[in-house]
Amino acid sequence: MTDSKYFTTTKKGEIFELKAELNSDKKEKKKEAVKKVIASMTVGKDVSALFPDVVNCMQTDNLELKKLVYLYLMNYAKSQPDMAIMAVNTFVKDCEDPNPLIRALAVRTMGCIRVDKITEYLCEPLRKCLKDEDPYVRKTAAVCVAKLHDINAQLVEDQGFLDTLKDLISDSNPMVVANAVAALSEIAESHPSSNLLDLNPQSINKLLTALNECTEWGQIFILDCLANYMPKDDREAQSICERVTPRLSHANSAVVLSAVKVLMKFMEMLSKDLDYYGTLLKKLAPPLVTLLSAEPELQYVALRNINLIVQKRPEILKHEMKVFFVKYNDPIYVKLEKLDIMIRLASQANIAQVLAELKEYATEVDVDFVRKAVRAIGRCAIKVEQSAERCVSTLLDLIQTKVNYVVQEAIVVIKDIFRKYPNKYESVIATLCENLDSLDEPEARAAMIWIVGEYAERIDNADELLESFLEGFHDESTQVQLQLLTAIVKLFLKKPTETQELVQQVLSLATQDSDNPDLRDRGYIYWRLLSTDPVAAKEVVLAEKPLISEETDLIEPTLLDELICYIGTLASVYHKPPSAFVEGSRGVVHKSLPPRTGSSESAESPDTAPSGGPAADQPSVIPTQGDLLGDLLNLDLGPPVSGPPMATSAVQMGAVDLLGDSLMGGSGGSFTPAPSTTAPTNVGAPLGSGLGDLFDLTGGVGTLSGSYVAPKTVWLPAMKAKGLEISGTFSRQVGSISMDLVLTNKALQVMSDFAIQFNRNSFGLAPAAPLQVHAPLAPNQSVEITLPLNTVGSVMKMEPLNNLQVAVKNNIDVFYFSTLYPLHILFVEDGKMERQMFLATWKDIPNENETQFQIKDCSLNADAVSSKLQGSNIFTIAKRNVEGQDMLYQSLKLTNGIWVLAELRIQPSNPSFTVHPTPACSHPPGAGGHVPAVGPPQLLVVLVPAPLSLSRGEGGTAPVGTAEAHRGVPTVKRCPRGIP
């Protein structure tokens, strides 16, 4: 009779009976009782009351009984920690038993009893077992160290177990080596900063030797450890690959995938010119193909891993297309994954075969699979240009089947084909329009509306077609409503006389009758554009669209490199890094492939950044300013911009501006980005930093003894830069200007390879050194950087004058933003003018070079003001008191040699005197212009042309600018009588 009898009893009061049997003198009866206890425990009954009686049974030579008692102990030790200590003596005794199986069993059980009180007793037996003569005991003890480390890490380190564990890597027994590697890897995962697995060529050689004799799990542990090793050169990488390659023929799929991971990683270091590189590619294909003959669940895991491998190195499986053809009895999840890989492997050589197969799939009965097959045909057309015509023909054949969901999917993909190949396949539009009435899915209806709007000039009855959609406007989904609004505006711009009523109707429906904020906002934007500037509207709505990417669903390259390092794990099935789905306190190490030391970068690594990518981000952050993109990209920070970017940029700026104040009133002018450092509301100056800052009114970090430094603000939000957030400020310290940056990575992938460049600007500001980010920026990590600046760059007048446009590049893309720098960082240290020179210059300045400002709310006295301003290189030349007012005469000098002279009046009882001289510098020499004065005349600021024509970018000593007094208050230039 089998042991199943122990699970069938339903007797009551059996605890008492079991207690009696456990204390029986007969060994067989005792063993039967323990089996009953274990059976009760297994089905969920509480038998913890028998703890002392079961523990008494430990004193036995019977290995089976001992195993059962240890099993009971592991389950109930946590709930009975005080009772569990009773078993310690037996454990210690068993650790010295002549039988190695009992020694190993004792140390294994002690490691599984997670009770702090027992761990201190475990140390001595564990130390003996780690050096036991029997390899079975040593390998068990190695795993026990990892378990003990999880309970009490400090104890393991203090007792020196980690060093003993490292020594076991050199053990003569391969299973001991494998378990030691597994234990160290487990501990290293919970302590990413520790360098426990300090691998070197000697230890790697020992691991490779042990690899051939290990069990399956042992091989996986060693291969995973090898994957974390960085060979010192390509010769060592090749040597490791040669010794790992035999694992590809292993029967266990986990061993095969672990070997593939090691080879994929080390191939990065091999030159493509090597004969061995080509041999390795050929060897990788058969094991991957073999994995597809397993059961469906294993097939799916293999396919998800193959999907990553194909994106990284498609040449490995480029001749194996047929193995990915779908079988009739494949589960749907396997079918969809095979379909995805087929598209990735599609090329001009095999496209005919692929299309024939896809057309066959489109007649299947599984609706989801058919939809995916039709979409796959469209993706093939976009990927392989030579096949586009054949793909379109295949799609038209499918449309003729009149199967509703096939027709709708075909229309969606044909829209994408039109985007990829404009003005090439428009002859099929008539066929598409015939199926207009059968469309009931939002995506298909939206695609059809887009086609009608985009090619309205070629469709005679386009207005009737769009009007038919308009009848049930409020019943449509948001996707269809938005597309319909845009399509009718396009139609109006192409045929304005015939469709005026239609466009008014759709704008009214979108803005007045809709509750959807997206739809309403877009309606208002179009309405404002059409009513204020139809030409701009045409440029915005009918702008040339960028061609869609070949592969829109490829994994981002840095993320792909990280996932390649996780082949054979859950991350490779989810296609997400472990940090995205692993919870808990353990740190997750971000892995990456080694740098390629061979020939050129991998040609097959897909370039997912579409041409003109940087320009796509630009409109939302940066205004048009001369040939801006040409300037920012002239040092080849990123890929070249395709097409004429500035026209698109200017148009999109208008759209951005419509979302600002001009939407609610005012004319739609050119877009000026809203800087994050805006002027205080009480300062009427047009620039983004005022004397309010110099007087420390806004809570900055300036001090009396040094130049004011504004608090850091966000210049580039993460949502506009693919997860990179940049905040910062400017400062001047001891004659040096610097940009203080904080870079924060809010994306999922690691960021690296940072560079920065400025556009030409009013004062020639430029980086004085490269942007130094010494280590890759991990997700959710920030780094502070001080970038030194100089003023020897190219000069171009900006509006406003202190506008700075910046391009920042990293391994993901190039990003653009603009910010306003405070002018006081340009005030030089030798800006104190001699008194006689001040007096003579003051008298000679023409009235039109003067301007006046009033700034409020400052409680400092004249001496404090003078001291605080001197910290920012604004120097007081003289001071006098006239009719109870303190008069300060001041001078400053800009980096381009321009002098500014100022008279500051302070009424001791009146706090309204705070002054910001920056607006007086709003025009470079010779530029001319107008600076309105604000408030009653409290300050006289006089601009002086640079002596000896030092002004940058301008010849001669033309006046710095013109000024106008506040209405009703004449501009009076006083002679500073307080100066001798």
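Our structure's up above, just so we're on the same page.
Cut-offs and rules
Residues numbered from 1 in each chain as written. Predicted model: local features only at pLDDT ≥ 70, side-chain atom pairs only at ≥ 80, totals over all residues. Heavy atoms only, no water. Helix = DSSP H or I, 4+ residues; strand = E, 2+ residues; numbered from the N terminus. Areas by Shrake-Rupley, 256 points an atom, 1.4 Å probe, with all protein chains shown as cover. Patch = residues over 30% accessible without salt bridge, like charges linked within 9 Å, V, L, I, M, F, W, Y side chains within 5 Å. Salt bridge = Lys/Arg side-chain N within 4 Å of Asp/Glu carboxyl O. Lys, Arg positive; Asp, Glu negative; His and termini not counted. Charge placed at Lys NZ, Arg CZ, Asp CG, Glu CD. Buried < 20%, exposed > 50% of the residue type's maximum accessible area, 1.4 Å probe, protein only. Pairing = 2+ DSSP bridges. Expected span 1.5 Å × (residues − 1). Bend = angle between axes of the 7 residues up to and from the residue. Axes fitted to C-alpha atoms, helices over the stretch in contact; angles between N-to-C directions. Phe/Tyr/Trp six-rings, centres within 6.5 Å; stacked < 30°, edge-to-face > 60°. Polar contact = N/O pair within 3.5 Å; in protein donor to acceptor, adjacent residues only side chain to side chain. Contact = heavy atoms within 4.5 Å. Arc of directions from axis to C-beta. Core = buried A, V, L, I, M, F, W, Y, C linked by side-chain atoms within 4.5 Å. Parallel < 35°, antiparallel > 145°, perpendicular 65-115°, else oblique. Left-handed = near helix turned anticlockwise from the far one by under 90°. Nonpolar A, V, L, I, M, F, W, Y, C, P; charged D, E, K, R; others polar. Disulfide = S-S within 2.5 Å.

1. A short note on the overall build of the protein
When its secondary structure is counted, the protein shows 39 helices and 15 strands. In the structure as shown, the protein presents an accessible area of about 43300 Å², 51% of it carried by carbon and sulfur atoms.

2. Section: the environment of Lys131
As for its position among the elements, Lys131 is in the loop between helix H8 (116–130) and helix H9 (135–151). Taking the C-alpha atoms as reference points, Lys131 and Leu168, 37 residues apart in sequence, are found 9.0 Å from one another.

3. Points about a negative patch on the surface
Together, Glu464, Glu467, Glu471 and Glu501 line one region of the surface with negative charge. For Glu471, the position within the fold is in the loop between helix H26 (462–470) and helix H27 (478–494). The exposure class assigned to Glu471 is exposed, which follows from its relative accessible area of 70%.

4. Re the sheet that holds strand S1 (residues 713–716)
Strands sit in the order S1-S2-S3-S6-S5 across an open sheet of five strands; the sheet is antiparallel. Two strands in the sheet have a free side with no partner beyond their single neighbour: S1 and strand S5 (766–767). Bridge count between S1 and strand S2 (residues 724–733): three bridges; the pairing is antiparallel. Considered in S2, the bridge of Val714 is made with Ser727.

5. As for H8
In an α-helix, one full turn covers 3.6 residues, which means residues spaced three or four apart are oriented alike. For H8, spanning 15 residues, the distance from its first C-alpha to its last is 21 Å, which sits close to the expected 21 Å at 1.5 Å a residue. Roughly 40° is the biggest bend found in H8, and it falls at Leu122, with proline Pro125 one to four residues downstream. Those residues of H8 lying buried are Ile118, Thr119, Leu122, Cys123, Pro125, Leu126, Cys129 and Leu130.

6. Description of the sheet that holds strand S7 (residues 803–809)
Spatially, the three strands line up as an open sheet ordered S4-S7-S8, and their pairing is antiparallel. Here the strands that pair on one side only, and so sit at the sheet edges, are strand S4 (755–758) and strand S8 (814–820). Averaged over neighbouring strand pairs, the angle between their axes works out to 25° when direction is ignored. Pairing of S4 with S7 involves four bridges; the strand directions are antiparallel. From the neighbouring strand, Gln757 faces S7, where its bridge partner is Ala807.

7. Observations regarding the packing of aromatic side chains
This structure, assessed with the given rule, holds eleven aromatic pairs. Seen in terms of ring centroids, Trp217 and Phe221 are 6.5 Å apart; in terms of plane orientation they differ by 35°. Their pairing is tilted. With a gap of four residues between them, Trp217 and Phe221 both fall in helix H14 (residues 216–227), about one helical turn apart. Given the relative accessible area of 59%, Trp217 is considered exposed.

8. Some thoughts on unusual backbone geometry
Cis geometry is found at the peptide bond from Glu799 to Pro800, where omega equals 0°. The backbone phi angle of Asn780 is positive, close to 65°, even though this residue is not glycine. With respect to the element layout, Asn780 can be found in the loop between S5 and strand S6 (782–790).

9. Some details on the side chain of Glu337
The topology assignment puts Glu337 in helix H19 (residues 332–345). One polar contact links Glu337 to Asn307, side chain to side chain, over a distance of 2.9 Å. Ignoring any residue separated from it by four or fewer positions in sequence, one finds Glu337 in contact with Tyr300, Leu303, Arg304 and Asn307.

10. As for helix H11 (residues 161–168)
Among all positions of H11, only Phe161, Leu162, Thr164, Leu165 and Leu168 are buried. Looking straight down H11, one finds that the buried residues subtend no more than 160° of arc, so they occupy a single side. On the buried face of H11, the contacting elements are H8, H9, helix H10 (153–158) and helix H12 (174–190).

11. So, the pattern of salt bridges
It is possible for side chains bearing opposite charge to pair when their charged atoms get close. Enumeration over the complete set of coordinates arrives at 28 salt bridges. Taking the shortest distance from any N to any O, the salt bridge between Glu268 and Arg313 comes out at 2.6 Å. Linking Glu268 in the loop between helix H16 (253–267) and helix H17 (275–291) with Arg313 in the loop between helix H18 (296–312) and H19, this pair joins segments that are 45 residues apart in sequence. As a salt-bridge pair, Arg445 and Glu476 come within 2.5 Å of each other at their nearest N and O atoms. Within this pair, whereas Arg445 is found in helix H25 (residues 442–454), its partner Glu476 is found in the loop between H26 and H27, the two being separated by 31 residues in sequence. One exposure class covers both Arg445 and Glu476, and it is buried.

12. Quick notes on the nonpolar core
Ranked by internal contacts, the top residues of the largest apolar core, which has 214 residues, are Tyr72 and Phe418. In this structure, Phe730, Leu741, Ala747 and Val808 belong to the second largest nonpolar core, which totals 46 residues.

13. Points about the packing of H25 against H26
Where H25 meets H26, the axes come as close as 10 Å, and the angle between the chain directions of the two elements is 155°. Overall, the two elements H25 and H26 adopt an arrangement that is roughly antiparallel. For H25 against H26, the interelement crossing comes out left-handed. Of the residues in H26, those in contact with Arg445, Ile449 and Val452 of H25 are Ala462, Leu465, Leu466 and Phe469. For the contact of H25 with H26, a count of residues per class yields six nonpolar, no polar and one charged.

14. Structural notes on the state of the cysteines
Counted under the stated rule, the structure contains zero disulfides. For Cys391, which is in no disulfide, the shortest distance to another cysteine sulfur is to Cys380 and amounts to 5.6 Å.

15. As for the pairing of strand S11 (residues 885–893)
Counted residue by residue, S11 has nine buried out of nine residues, so it is predominantly covered. By the alternation rule, side chains of S11 split into Gln885, Met887, Tyr889, Ser891 and Lys893 and Asp886, Leu888, Gln890 and Leu892, which are all buried. Of the strand pairs in this sheet, strand S10 (residues 875–882) and S11 are connected by seven bridges, and their pairing is antiparallel. The residue bridging Thr876 from the neighbouring strand is Gln890, located in S11. Counted along the chain from S10 to the antiparallel partner S11, the turn is two residues long, and its residue Glu883 has a positive phi close to 50°.

16. Overview of the pairing of S6
Looking at chain direction, strand S3 (residues 736–745) and S6 are connected through eight bridges and run antiparallel. Across the sheet, residue Met739 finds its bridge partner in S6, namely Leu787. Pairing of S5 with S6, which is carried by two bridges, proceeds in the antiparallel orientation. Bridging from a neighbouring strand, Ala766 pairs with Asn790 of S6.

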